[in-house]
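# Secondary and tertiary structure notes
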Amino acid sequence: MEFSTFVRMSFSAKLIGWYLDHGRELPWRQTQDPYVIWLSEIILQQTRVEQGMPYFQSFVTTLPTIEDFAKAEEDVILRLWQGLGYYSRARNMHKAAKMVMSAFEGSFPTRYEDVIQLPGVGPYTASAISSFSSNEARAVVDGNVYRVLARVFGIDTDTNSSAGKKIFQQLADELIDQKEPGLYNQAIMDFGALICKPKQPLCPTCIFEDTCVAKATNQIDTLPKKIKSRKSRNRYFHYFILRKGNEIMLSKRAEGDIWANLHEFPLIETDEPADAEQIRLHPSFVAHFGDAHPQPISTPIKQVLSHQNIFAQFYQMPENLEVRSKKSSWFYTFSENLDTLAMHKLIFSFLSRDHIAK
DNA sequence: AACACGGGGTC
DNA sequence: GACCCAGTGTT
């Protein structure tokens, strides 16, 4: 097409034109089934496409319908989710699936006002589901959209302030293609992911290079702006490996903290680093294990989370140790069950390093 | 408005 | 180490 024509094309027309030529082919784009789209969108919250892809495949295969999802045990959902992080997404999905069965008679909603009622579905996800499944004109605003709009239009408002959220949503609502909202939403996100990347964006091939404010004013590296989050705290986890015959002691974490409802080993947490001798004398350790000697296994593992640094030390406990008092969350299970129980990364990566023989 | 909530990739 | 990722829920 003529260059002068292209310059005069609308923002959305340029984007859709670019997308039809250069967009990615992703499995969840082959369907309009709101259930399948919902699966993909929840999985992709704060998660890269490449990381979410195998999880999407296993969810679709294992739980092909919303009814399958609603009827599954939460532990099954969490096991499928194992390793993806932000596990409240999985727990909320289970609640949402049950809500679809009861409040929507098993038919997954497609309207924005309906889907946003579901737990785990906010403005972004409701816009995505409604625009992709029924072409409702709701503009998605995700990390990609913040970046593209902030740069092209030179907006320096913090994207995570309430003012910023409002401004970017309003602009997105004005820019969305009213005829092809679903296509437009896919297009702007792909464009942000492939061209207008966070680092080293591909400005020379960008369809907005001639009009991009950030490019013209040398702000590519400073936009979008964002309020910085606070730094992490340190936590020290001491895990105890207790075995009795073919069984091993596990614990299920409670709600209200990281890794809610996931399995791990019996744990003592300290605010400061502690060595084996300090742990042996810890009141809680004595209450549970008496005068037993915990044997440290290798060196501590550091696990970095968004707001926490976890330092985990694993201890081998004497074989067939009789535990004095057992927390209600503790239980013995056969080692082969480790394949089916949902655990967090610290635990399954420890297990996979062959420290535990099955 | 500020913070919690995972795990992995990039520079 | 800092920042980001197809964000949402709670306080």
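Not measured: the values here are computed from a predicted model.

### Notes on the protein's contact with DNA strand C
Contacts to DNA strand C come from 27 residues, most closely from L44, R48, G120, G122 and R147. Among the atoms of DNA strand C close to the protein, meaning within 4 Å, 64% are from sugar or phosphate groups. Between DNA strand C and Y124 there is a distance of 3.4 Å, counted from a phosphate oxygen to a backbone nitrogen or oxygen. Elements with a minimum of two residues in the surface near DNA strand C: α9 (123–134), α10 (143–152) and α12 (181–194). Here the residues of the surface near DNA strand C sort into nine nonpolar, 10 polar and eight charged.

### Quick look at unusual backbone geometry
Residue L223 is joined to P224 through a cis peptide bond whose omega torsion reads 0°. As for its position among the elements, P224 is in the loop between α13 (213–216) and β1 (233–241). The backbone phi angle of S298 is positive, close to 50°, even though this residue is not glycine. Residue position: S298 is located in strand β6 (residues 295–304). A relative accessible area of 47% means that S298 is categorised as partly exposed. Backbone geometry places N320, a non-glycine residue, at a positive phi of 60°. The residue N320 is located in the loop between β7 (308–316) and β8 (330–334) in this model.

### Considering the domain arrangement of chain A
Under the domain assignment used here, chain A contains domain 1 (3–216) and domain 2 (233–355). With centres defined by C-alpha atoms, the gap from domain 1 to domain 2 works out at 38 Å. Contacts between the two partners involve nine residues from domain 1 and, on the opposite side, 16 residues from domain 2. Surface buried jointly by domain 1 and domain 2 totals about 900 Å² across both partners, of which 47% is contributed by carbon and sulfur atoms. Three residues stand out in domain 1 for area buried against domain 2, namely R79, Q82 and Y87, and they jointly supply 49% of the buried area on that side. Applying the counting rule to domain 1 against domain 2 returns two salt bridges. For R91, the salt bridge goes to E255, with nearest N and O atoms at 3.9 Å. Scanning the region where domain 1 abuts domain 2 turns up eight residue pairs in polar contact (both at pLDDT 80 or more). The greatest single-element share of the side of domain 1 that touches domain 2, amounting to four residues, is contributed by helix α6 (residues 74–81). Partitioning the side of domain 1 that touches domain 2 into residue classes produces three nonpolar, two polar and four charged.

### A short note on the protein's contact with DNA strand B
The local shell around DNA strand B holds 22 residues, among which R48, S162, Q303, S306 and Q308 are the closest. In DNA strand B, atoms within 4 Å of the protein come 57% from sugar and phosphate. One of the side-chain N or O atoms of S306 is found 2.6 Å from a base nitrogen in DNA strand B. Residue K345 places a side-chain N or O atom 3.0 Å away from a phosphate oxygen belonging to DNA strand B. Among the residues forming the surface near DNA strand B, the class breakdown is six nonpolar, 11 polar and five charged.

### Section: the layout of surface pockets
Estimates place the volume of the largest pocket at around 2000 Å³. Q46, D142, G143, N144 and R147 are, among the 47 residues lining the largest pocket, the residues nearest its centre. For the lining of the largest pocket, the secondary-structure elements that each account for two or more residues are α4 (49–62), α9, α10, α11 (162–175) and α12. Residues belonging to the lining of the largest pocket are distributed by class as follows: 18 nonpolar, 15 polar and 14 charged. Computed from the structure, the second largest pocket encloses a volume of approximately 630 Å³. For the lining of the second largest pocket, the secondary structure elements donating two or more residues are α7 (88–103) and β6. Take the lining of the second largest pocket: its biggest share by element is three residues, from α7. Looking at the lining of the second largest pocket residue by residue, the class counts come to eight nonpolar, 10 polar and five charged. For the lining of the second largest pocket, the two domains that each supply at least three residues are domain 1 (3–216) and domain 2 (233–355).

Conventions adopted
- Residues numbered from 1 in each chain as written.
- Chains lettered and ligands numbered in written order.
- Predicted model: local features only at pLDDT ≥ 70, side-chain atom pairs only at ≥ 80, totals over all residues.
- Heavy atoms only, no water.
- Near = heavy atom within 4 Å.
- Polar contact = N/O pair within 3.5 Å; in protein donor to acceptor, adjacent residues only side chain to side chain.
- Helix = DSSP H or I, 4+ residues; strand = E, 2+ residues; numbered from the N terminus.
- Nonpolar A, V, L, I, M, F, W, Y, C, P; charged D, E, K, R; others polar.
- Buried < 20%, exposed > 50% of the residue type's maximum accessible area, 1.4 Å probe, protein only.
- Domains from an automatic or database assignment.
- Contact = heavy atoms within 4.5 Å.
- Buried area = accessible area lost by both parts, 1.4 Å probe.
- Salt bridge = Lys/Arg side-chain N within 4 Å of Asp/Glu carboxyl O.
- 1 Å grid on protein atoms, 1.4 Å probe; cavity = no way out; pocket = protein on both sides within 12 Å on 5 of 7 lines; lining within 4 Å.
- Points joined across faces, edges and corners; volume = space filled by probe spheres on them.

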